[in-house]
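So the chains spell out like this:
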Amino acid sequence: MNNSLKIFFALCVFFIISPFTLVAADTKLCFTQFSIGTSAVVYGDEIVKAQNELIKQKGNPFRFVFSTDVSLGLMLDPQVRILTGGTLATDFCFHGDYYANRLDYGFFTGVRIYTGLAGLVAGVDYVCGRRSDYLMLPDDSGAKTFRTSWGNGFRFIAEYDFSNGQADYGLAPIVTMSWRRMPRGGYYDHNYSVCFKIGL
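Please read all numbers here as calculations on a predicted model, not as lab measurements.

J.: Explain the overall build of the protein here, please?
T.: Secondary structure assignment for the protein yields 2 helices and 9 strands. Here the protein holds 200 residues, and 44% of them are scored as buried. If you sum the accessible surface of the protein, you get close to 10,300 Å²; carbon and sulfur atoms cover 66% of it.

Following this line, the structure appears as structure tokens:
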């Protein structure tokens with residue numbers, strides 16, 4: 001494991017443990033969030049684009065793009081919150097026996113700033129992740145699996161919290177838009193997401 005990965009996991013552990021040490025003092029310091037939505041993925045690798053084209057050439061493929069994340073947060077201030085958690089984005093493209101299915105997953109730690117403009121929230125995450133591809137392409141002798149190396153990227157976030165950060169207990173609907181830029185070893189993948197988030 002390289003040093004940057006060790007540092008990232010150490011930060012995640014710190015932010016996961018820290019809220020529990022403060023629960024006894026004030027339970028309102030901790031919160032969890034879960035999101036579900038969809039993404040538009042722009043791949044930087046020409047090989048990946050060519051693989052998707054091979055599926056499309058067989059007909060009109062079915063494509064399913066889904067994104068989700070779950071996080072644990074610590075409220076440092078009513079306007080400043082730190083989160084850590086995991087994220088997953090799927091890109092399933094298949095037609096008949098052929099498919100190019102991709103899972104993009106990672107772990108993140110970041111900050112959310114309540115701007116004071118109604119429920120508008122700005123955020124940035126440091127993300128450590130990779131992508132796994134599951135392929136069955138025309139003219140291939142069998143199914144193949146490919147995994148990228150782990151990479152360190154960033155996610156930039158704009159949210160609208162309908163409770164303006166007040167509903168730390170019960171359901172608190174949040175609409176999230178994000179751009180995640182992930183290195184894949186010589187190129188970058190770009191993931192643009194729109195999600196509906198629930199805070200608990």
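J.: Looking at this structure, I do not really get a nonpolar patch on the surface. What am I missing?
T.: A surface patch of nonpolar side chains, about 1,000 Å² in accessible area, is lined by F34, I36, V70, L117, L120, Y160, F162, V175, M177, V194 and F196. Mapped onto the nonpolar patch, the elements with two or more residues apiece are β1 (30–42), β8 (172–183) and β9 (188–199). Structurally, Y160 is set in strand β7 (residues 151–161). The class for Y160 is partly exposed, based on a relative accessible area of 35%.

J.: It is not clear to me how the confidence of the model for the protein should be interpreted in this structure. Could you clarify?
T.: Should the pLDDT be low somewhere, the predicted coordinates at that spot are not to be read in detail. For the protein, the mean per-residue pLDDT works out to 85, and 83% of the residues sit at or above 70. Taken together, the stretch residues 18–27 has pLDDT below 50 and engages in 10 contacts with residues farther than four places along the chain or on a different chain.

J.: Please explain helix α2 (residues 46–56) as it appears in this structure.
T.: In an α-helix there are 3.6 residues to a turn, and that puts residues three or four apart on one side. Among the residues making up α2, those that are buried are V48, Q51, N52 and I55. Taken around the axis of α2, the buried residues stretch over an arc of 95°, which confines them to a single face. Across from the buried face of α2, at angles greater than 90 degrees, the exposed residues are E46 and I47. Tucked inside the fold, the buried residues of α2 contact β2 (62–77), β3 (80–95), β4 (98–114) and β5 (120–136).

J.: Can you walk me through the packing of aromatic side chains in this structure?
T.: Each aromatic ring pair is described using two quantities: the centre-to-centre distance and the angle formed by the ring planes. Applying the stated rule across the entire model yields 9 aromatic pairs. Connected via pairs of aromatic rings, a cluster forms that spans F64, F66 and F92. Positioned above the aromatic ring of F31, the side-chain terminus of R81 is 5.5 Å from the ring centre. Directly above the ring of Y43 sits R102, whose terminal nitrogen or CZ lies 5.6 Å from the centroid.

J.: Is there a simple way to think about the environment of G59 in this case?
T.: Assignment of secondary structure puts G59 in the loop between α2 and β2. For the pair G59 and F94, spaced 35 residues apart in sequence, the C-alpha to C-alpha distance is 9.7 Å.

J.: Help me understand the side chain of D133, please; the structure alone is not making it clear to me.
T.: Inspection of the secondary structure puts D133 in strand β5. On the basis of relative accessible area, D133 is assigned to the buried category, the value being 1%. A distance of 2.7 Å separates polar atoms of two side chains, one belonging to D133 and the other to R131. Sequence-distant contacts of D133, that is, excluding residues within four places in its chain, are made with V48, N101, R102, K144, T145 and F146.

J.: Looking at this model, I keep getting lost on the pattern of salt bridges. Mind explaining?
T.: It is possible for side chains bearing opposite charge to pair when their charged atoms get close. Evaluation of the coordinates by the stated rule reveals 14 salt bridges. Across the pair R155 and D69 runs a salt bridge whose closest N-O atoms are separated by 3.1 Å. Highlighted residues: R155 in strand β7 and D69 in strand β2, separated in sequence by 86 residues. Here the two residues R155 and D69 agree in accessibility, since each one is buried. Within this structure, R102, D104, R131, D133, R180, R184 and D189 form a network of salt bridges that share partners.

J.: I tried to follow the pairing of β5 on my own but got confused; where do I start?
T.: The side chains of a regular strand alternate between both faces of the sheet. As paired elements, β4 and β5 share 16 bridges and run antiparallel to each other. In the sheet register, V111 faces β5, and the bridge partner there is V124. Turn length for the β4-β5 hairpin, with the two strands adjacent in sequence and antiparallel, is 5 residues, and the turn residue G116 shows positive phi of about 90°. Relative to β7, β5 runs antiparallel, the two being bridged by 10 bridges.

Conventions we followed
- Residues numbered from 1 in each chain as written.
- Predicted model: local features only at pLDDT ≥ 70, side-chain atom pairs only at ≥ 80, totals over all residues.
- Heavy atoms only, no water.
- Helix = DSSP H or I, 4+ residues; strand = E, 2+ residues; numbered from the N terminus.
- Buried < 20%, exposed > 50% of the residue type's maximum accessible area, 1.4 Å probe, protein only.
- Areas by Shrake-Rupley, 256 points an atom, 1.4 Å probe, with all protein chains shown as cover.
- Patch = residues over 30% accessible without salt bridge, like charges linked within 9 Å, V, L, I, M, F, W, Y side chains within 5 Å.
- Salt bridge = Lys/Arg side-chain N within 4 Å of Asp/Glu carboxyl O.
- pLDDT = per-residue confidence, 0-100.
- Contact = heavy atoms within 4.5 Å.
- Arc of directions from axis to C-beta.
- Phe/Tyr/Trp six-rings, centres within 6.5 Å; stacked < 30°, edge-to-face > 60°.
- Lys NZ or Arg CZ within 6 Å of the ring centre and 35° of its normal.
- Polar contact = N/O pair within 3.5 Å; in protein donor to acceptor, adjacent residues only side chain to side chain.
- Pairing = 2+ DSSP bridges.

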